[in-house]
Amino acid sequence: MSAELFLKACFNQPTEYTPVWFMRQAGRYLPEYRAIRSKLSLLEICRRPEVACEVTLQPVERLGVDAAILFADILLPFEPMGLGLSFRRGEGPVIERPIRKAEDVRRLRDLDPKSDLGYVMETIRLVRHRLGERTPLIGFAGAPFTLASYAVEGGSTRSFVQTKTLMYSDPETWHALMDKLAVAVGRYLACQIEAGAQALQLFDSWAGALSPDDYRRYALPYTAKALALARKANRNAPIIHFGTGTSSLLELMAEAGGEVIGIDWRIPLDQARSRLPGKAIQGNLDPCALLGSVEELESQVLAVLRRAGGQPGHIFNLGHGVLPQTDPDRLRRVVDLVHERSAARV
Ligand code: CP3
């Protein structure tokens, strides 16, 4: 395995087999992660580069995936920006000082990723040192819209009521917030490239909450700005642009940027691909397929490969993150199956 293979697939070039990795491949489903997590909080792990490096490497060793993803969280920039961040058991993230009005946006600090998130850069350097040229390291950030939803709601949401209330009632404040987030995200991604990340993923996990018109008006310009800033720092690192529930947004997401578009399981891979000429596609096994029978899992993996059709530019992944109740051996089986079947094709 070499870093080349994954990077080639991102640029739509033919590879000997289909590369595979999993969103949230480091985390609670792994006993070796839980052992560390029983002693340290999520934020403590992120802030200790040796530990974050160890956790980043755990799935690479156990699963044989073709890429590592930095162990961090999309919400880490919130603390230095002055929003206040904690994670409560069973509740997910809690933002202590959410954004509701113009004054809240004005008091946001500009992010200086090199010093504010120096521990992330140190983790990247450590991981790169350990992996060498064997396996590429993916850096990442949240997209402005997804970050704004946490900043405005004060945590996770299903309805996006506060977020859309701000967007529709005070667009000026919304645009000011999104602009600040775009600059922060762009700088943060650029800094990760400088530290050694070989690819980037932008998580716009909740973009699918927007209609195409709203995405175009309220989100796209800021994603485009963030990706243009990240792009300035490098020409060689591919960018994966991911969202869920984005069937109606794919062309707009592609317009915003990225060599690779990440999709969830709600849209057949071949349909997404035919709408995205020139782009590579990442996805799109339903994470719940890992919880059923082995036969069902294998048939769903093969169905994804069939829809990818042996064309260059497919990175196998789930349609969203690995669920905590997943058996690691099932993921290993998926990696092996994807490698075997895609290699047999050529
Ligand atoms: O292996 C990896 O993918 C790398 C690490 C990673 C984490 N978060 C660590 C984490 C990545 C890539 C993320 C991204 C992230 N974080 C996203 C985008 C991806 C997605 O799922 O859509 C989002 C929305 C967040 C925000 C976040 N972090 C939430 C909503 C939660 C709580 C819910 C949950 O899944 O537990 C987190 C916590 C979190 N981030 C955990 C991990 C391993 C679990 C917490 C723990 O260990 O206690």
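Structural data are supplied above this passage.
A short tour of the structure in this document, coming up. (Residues numbered from 1 in each chain as written. Predicted model: local features only at pLDDT ≥ 70, side-chain atom pairs only at ≥ 80, totals over all residues. Heavy atoms only, no water.)

1. A look at the side chain of Thr163
By the element assignment, Thr163 lies in helix H10 (residues 161–169). Exposure remark for Thr163: the relative accessible area of 0% places this residue in the buried category. (Helix = DSSP H or I, 4+ residues; strand = E, 2+ residues; numbered from the N terminus. Buried < 20%, exposed > 50% of the residue type's maximum accessible area, 1.4 Å probe, protein only.)

2. Some points on the packing of aromatic side chains
One pass over the structure, following the stated rule, counts six aromatic pairs. For the pair Phe145 and Trp174, a centre-to-centre distance of 6.2 Å together with 55° between the ring planes defines the contact as tilted. Here Trp174 lies in helix H11 (residues 171–195) and Phe145 lies in helix H9 (residues 144–153), a separation of 29 residues in the sequence. Judged by its relative accessible area of 0%, Trp174 is buried. Put simply, the rings of Phe140, Phe203 and Phe242 pair up and form one aromatic cluster. (Phe/Tyr/Trp six-rings, centres within 6.5 Å; stacked < 30°, edge-to-face > 60°.)

3. As for the sheet that holds strand S9 (residues 314–318)
Read from one edge of the open sheet, seven strands run S1-S4-S5-S6-S7-S8-S9, paired in parallel fashion. Where the open sheet ends on each side, the last strands, each with one partner, are strand S1 (68–69) and S9. Of the strand pairs in this sheet, strand S8 (residues 280–285) and S9 are connected by five bridges, and their pairing is parallel. When the bridges of S9 are listed, Ile281 appears paired with His314. Contacts from helix H1 (residues 3–10) reach strand S4 (137–142), strand S5 (199–204), strand S6 (239–243), strand S7 (260–262), S8 and S9 within the one sheet, and its direction differs from that of S9 by about 100°. (Pairing = 2+ DSSP bridges. Contact = heavy atoms within 4.5 Å. Axes fitted to C-alpha atoms, helices over the stretch in contact; angles between N-to-C directions.)

4. Here's the deal with the nonpolar core
By size, the foremost hydrophobic cluster in this structure holds 127 residues, and its most contacted members are Phe6, Trp21, Phe22, Phe78 and Tyr215. By residue number, the principal contributor to this core is H11, which donates twelve residues. When sequence neighbours within four positions are dropped, the list of residues in contact with Phe22 reads Leu63, Val65, Asn317, Leu318, Val322, Leu331, Val334 and Val335. (Core = buried A, V, L, I, M, F, W, Y, C linked by side-chain atoms within 4.5 Å.)

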